[in-house]
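Here is what each chain is made of, one letter per residue.
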Amino acid sequence: MAKGNDWDDELGSNKRQRKRRRQHKQPRKQSSSEQGMDEDFARNEQDHFLSNLEAKSGAFNWMKEDRYKRMFRDIESNIQGALGIGTYDWVDRRVFDQVFDRMTLMSLYKLMKAGTLDTLDFPIARGKEAHVFHATDIDGKVVAVKIFHTSNAVFKNLIQYIEGDRRFGGLRRRHRDLVDIWVRKEHRNLSRLSRWGLNVPRPIGIHKNVLVMEYIGTDVSASPKLREVKVDDPESVFDDLLEFLAICWQKANLVHGDFSPYNILWHDGRAMVIDVGQAVIQTHPKAQEFLVRDVTRLVEWGKKNGIKVELAEAMFEVLNMNLDHVQQQTFSEEE
Ligand SMILES: Nc1ncnc2c1ncn2[C@@H]1O[C@H](COP(=O)(O)OP(=O)(O)OP(=O)(O)O)[C@@H](O)[C@H]1O
Ligand SMILES: [Mg+2]
C-alpha cells in the first residue's frame, strides 16, 4: 500500500533523526570507518541543502526561459541602477525578492516598451506595501515609480498553510488581484485629486502593481516630509492643507484617510500630499470617521506649530468653506 509505505518512510526517517539527535548528545570517540560514514553523511546533508536551495531559487527559474530571457535582455540595463550590476547577479538580493517578481518585471517591460519608463535608477523609499524608485521616462524626465509588493511577510506566512491544500486554491492569484486593484485605486484617486487642482503628484502611468507618477524632489533626493521640516509660515501651510481637505471633501468627494505629516512632502515651498491609495469616496461607510481623523491630524500639526485652532472649528471650515472659485480642470489622464 503506497500510503502505508509513505508513513513507514516518514516514521523511519523520524527514527533516524531521533537516533542522530542521540548521537549528538553523546559524542564519543569514532573509529576511522565511522568517520568515513560521518563524512558521507555530511556530504549527503550538504547535497540535500543545495538541492533544497535550488528548489527554492527555482522560483526564479522562469528567468531562464527563452521568452523571459529575451525580455530581460531588453530591460536589464535599464533597471540595473535599481538592482545592481551584472547579469542575474542580483537574483538573490533582498530587494529583488521583495519587489521584482515575474509579473512586476513584465509590467516594467510593458511600461518601458510604451515609453512611459526608460530607466529605473535607485530606490527612494521602502514602505510597508511598496518600494518607490527614482526613474526616467523616454524623454529623460525624472518620474517616481511606486512598485507595490505582491506578497509580504504576513502573506508568505499564511500561504504556506494554504498552498497545496486543494480545497483553497488560487490564493496567490486572488491576492495579486487585490494588490492590482489597490494600485488602480491609488491611480484613480491621484487623477481625481489632480483634476481638482490639488497638490498631489500627477499620475503618469500604471501597469498592474506598478504606478508611475510625477517625481517630487530634486536631482539628489526626494523632497522631505512635512514632518521633517520647520516651515517659515505654518499659518499659511495650515490654511492650504485645510483647503486641501475641504476641496477633497466638498468637490472631489474623497477622504484621504491617512492624512499626516508623514504623507505630505515639502516641495518648493509648498505641501504636496502623497500616498492616496487608501482614500475613499464620500459614500464609504467610514468616510466621516476618516475625515475627522484627517482633520484631527492636521489640527495636531497646527498646534505643534503654534497655531491656535480647535478641531470643531477646523471641521466646520472643511465642511462649509466657500469653494465657489474651485473649478475642475481638464486633465489628460482618464479617471
Ligand atoms: N511622487 C513621489 N516623488 C518622490 N518621492 C515619493 C513620491 N511618492 C512617494 N515618495 C517617497 O516614498 C515614500 C513612500 O511613499 P508612500 O507613502 O506613497 O508609500 P507607502 O508604501 O504607503 O509608504 P509608508 O508605508 O511608509 O506610508 C514617501 O515617504 C516619499 O519619501
Ligand atoms: Mg506613506
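Some remarks on the overall build of the protein
Within the protein, the regular secondary structure consists of 10 helices and nine strands. When each of the 335 residues of the protein is scored for burial, the buried share is 39%. A fraction of 62% describes how many contacts in the protein between residues 6 or more apart in sequence connect residues 24 or more apart. Of the roughly 20700 Å² that the protein leaves accessible, carbon and sulfur atoms contribute 50%.

Here we look at unusual backbone geometry
Positive phi, close to 55 degrees, is recorded for asparagine 253, a residue that is not glycine. As for its position among the elements, asparagine 253 is in the loop between α8 (234-250) and β6 (254-255). Since its relative accessible area comes to 32%, asparagine 253 is described here as partly exposed. Even without being glycine, aspartate 275 reaches a positive phi, approximately 60 degrees. With respect to the element layout, aspartate 275 can be found in the loop between β8 (270-273) and β9 (280-281).

Notes on the environment of arginine 195
Along the chain, the position of arginine 195 falls in helix α7 (residues 171-195). Each C-alpha atom, one on arginine 195 and one on glutamine 329, is 5.0 Å from the other, the two residues being 134 residues apart in sequence.

Observations regarding helix α10 (residues 311-320)
Every buried residue of α10 is accounted for by Ala314, Met315 and Val318. Burial along α10 is one-sided: seen end-on, the buried residues are contained in an arc of 100 degrees. Structural note: α10 exposes Ala312 and Phe316 on the side pointing more than 90 degrees away from its buried face. Close packing links the buried residues of α10 with α8 and α9 (287-304).

As for the coordination of the magnesium ion (ligand 2)
Looking at the magnesium ion (ligand 2), one finds its protein donor set to be Asn263 (OD1) and Asp275 (OD), positioned 2.1 to 2.3 Å from the metal centre. Note that asparagine 263 is positioned in the loop between β6 and β7 (264-267) and aspartate 275 in the loop between β8 and β9, a separation of 12 residues in sequence. Classification of asparagine 263 by relative accessible area gives buried; the value is 9%.

Regarding a negative patch on the surface
On the surface, Asp232, Asp233, Glu235, Asp239, Asp240, Glu313 and Glu317 cluster together to form a negatively charged patch. No other element matches α8, which puts three residues into the negative patch. With respect to the secondary-structure elements, aspartate 239 resides in helix α8.

Let's talk about the sheet that holds strand β1 (residues 119-126)
Taken in spatial order, the five strands line up as β1-β2-β3-β5-β4 in an open sheet, and their pairing is antiparallel. On the outer flanks of this sheet lie β1 and β4 (203-207), each paired with one strand and no other. Across the sheet, the axes of successive neighbouring strands diverge by a mean angle of 25 degrees, strand direction being ignored. Where β4 lies against strand β5 (residues 210-214), four bridges are found, and the strand directions are antiparallel. Bridging from a neighbouring strand, glycine 205 pairs with valine 212 of β5. Its contacts with the sheet place helix α5 (residues 102-113) against β1, β3 (142-148), β4 and β5, and it is angled at close to 45 degrees to β5. Packed on one face of the sheet, α7 meets β3, β4 and β5 and runs near 165 degrees to β4.

With respect to the nonpolar core
Among the nonpolar cores identified, the biggest contains 50 residues, and Leu193, Leu241, Phe244, Phe259, Val295 and Leu298 are the most heavily contacted of them. Of the domains in this structure, domain 1 (68-214) and domain 2 (226-320) are the two that each give at least three residues to this core. Setting aside residues no more than four positions away along its own chain, phenylalanine 259 makes contact with Leu241, Phe244, Leu245, Ile264, Val273, Asp294, Arg297 and Leu298. Ranked by size, the runner-up nonpolar core spans 20 residues in total, among them Met71, Leu111, Met112 and Phe133.

Here's the deal with the site of ligand 1
Near ligand 1 there are 18 residues, and of these Lys128, Lys146, Glu214, Ile216 and Asp275 occur at the shortest range. In the model, a nitrogen atom of ligand 1 is placed 2.9 Å from a nitrogen or oxygen of the glutamate 214 main chain. At 3.4 Å, a side-chain N or O of asparagine 263 approaches an oxygen atom of ligand 1. Split into classes, the residues belonging to the shell around ligand 1 amount to 10 nonpolar, two polar and six charged. Residue contributions to the shell around ligand 1 reach at least three from each of two domains, namely domain 1 (68-214) and domain 2 (226-320).

What to know about the packing of α9 against α10
Direction vectors running N to C along α9 and α10 enclose 120 degrees, while the axes themselves pass 10 Å from each other. Of the possible angle classes, the one that applies to α9 and α10 is oblique. Regarding α9 and α10, the two cross each other, and that crossing is right-handed. Residue-level contacts link Leu291, Val292, Val295, Thr296 and Val299 of α9 to Leu311, Ala314, Met315, Val318 and Leu319 of α10.

Remarks on the pattern of salt bridges
All chains considered together, the criterion is met by nine salt bridges. Notably, a salt bridge pairs glutamate 163 with arginine 172, separated by 2.6 Å at the nearest N-O pair. Note on arginine 172: relative accessible area 44%, which makes it partly exposed. Measuring nitrogen to oxygen at the nearest pair gives 3.6 Å for the salt bridge that ties aspartate 258 to arginine 297. Here aspartate 258 is found in the loop between β6 and β7, whereas its partner arginine 297 is found in helix α9, with 39 residues between them in sequence. The class for aspartate 258 is partly exposed, based on a relative accessible area of 25%. The exposure class assigned to arginine 297 is partly exposed, which follows from its relative accessible area of 27%. What you see here is one network of salt bridges that share partners, running through Asp101, Arg176 and Asp180.

What counts and what doesn't
- Going along each chain's sequence as written, the residues are numbered from 1 onward.
- Ligands are numbered from 1 and chains lettered from A, in the order in which they are written.
- With pLDDT at 70 or above as the cut-off, local features in this predicted model cover only qualifying residues; side-chain atom pairs require 80 or more to be listed or tallied, and sums for whole chains, interfaces and linings still use all residues.
- Water and hydrogen atoms were dropped before computing side-chain values, which therefore reflect all heavy atoms in the structure.
- Segments assigned H or I by DSSP are reported as helices when at least four residues long, segments assigned E as strands when at least two residues long, and all are numbered from the N terminus.
- Here the term buried applies to any residue with accessible area under 20% of the maximum for its type, exposed to any over 50%, and partly exposed to those in between, with areas from a 1.4 Å probe on protein chains only.
- Should any heavy atoms of two residues lie within 4.5 Å, those residues are counted as being in contact.
- Shrake-Rupley sampling with a 1.4 Å probe provides the accessible areas, and residues are treated as covered by the protein chains on show and by no other component.
- The reported arc concerns the directions from the helix axis to the C-beta atoms and nothing else.
- Coordinating donors are taken to be N, O and S atoms lying within 2.8 Å of the metal, or within 3.2 Å when the metal is Na, K or Ca; because water is excluded from the atom set, some sites may appear incomplete.
- Two distance rules govern patches: like charges are joined within 9 Å, and nonpolar side chains (Val, Leu, Ile, Met, Phe, Trp, Tyr) within 5 Å, applied only to residues with over 30% relative accessible area and no salt bridge.
- Every case where a carboxyl oxygen of Asp or Glu lies within 4 Å of a side-chain nitrogen of Lys or Arg is listed as a salt bridge.
- Charge assignment in this entry is limited to Lys and Arg as positive and Asp and Glu as negative, and neither His nor the chain termini are counted.
- Charged groups are reduced to one reference atom each: NZ for lysine, CZ for arginine, CG for aspartic acid, CD for glutamic acid.
- The pairing criterion is simple: DSSP has to find at least two bridges between the two strands.
- Every angle, taken between N-to-C directions, lies between 0 and 180 degrees, and every axis is a line fitted to C-alpha atoms, over only the stretch in contact when it is a helix.
- What is meant by a nonpolar core is a set of buried Ala, Val, Leu, Ile, Met, Phe, Trp, Tyr and Cys residues, joined one to another through side-chain atoms within 4.5 Å.
- Domains are outlined according to an automatic or database domain assignment.
- The nearness test applies per residue and asks whether one of its heavy atoms lies within 4 Å of the molecule or strand.
- Identification of polar contacts relies on pairs of N or O atoms within 3.5 Å, with a donor-acceptor requirement for protein atoms, meaning one able to donate a hydrogen and the other able to accept it, and with residues adjacent in sequence counted only if both atoms are side-chain atoms.
- Residues are sorted three ways: Asp, Glu, Lys and Arg are charged, Ala, Val, Leu, Ile, Met, Phe, Trp, Tyr, Cys and Pro are nonpolar, and all the rest, Gly among them, are polar.
- In this scheme, roughly parallel covers angles under 35 degrees and roughly antiparallel covers those over 145, while 65 to 115 is roughly perpendicular and the rest are oblique.
- Crossings are classed by handedness, with left-handed meaning an anticlockwise turn of the near helix from the far one by less than a right angle and right-handed meaning a clockwise turn.

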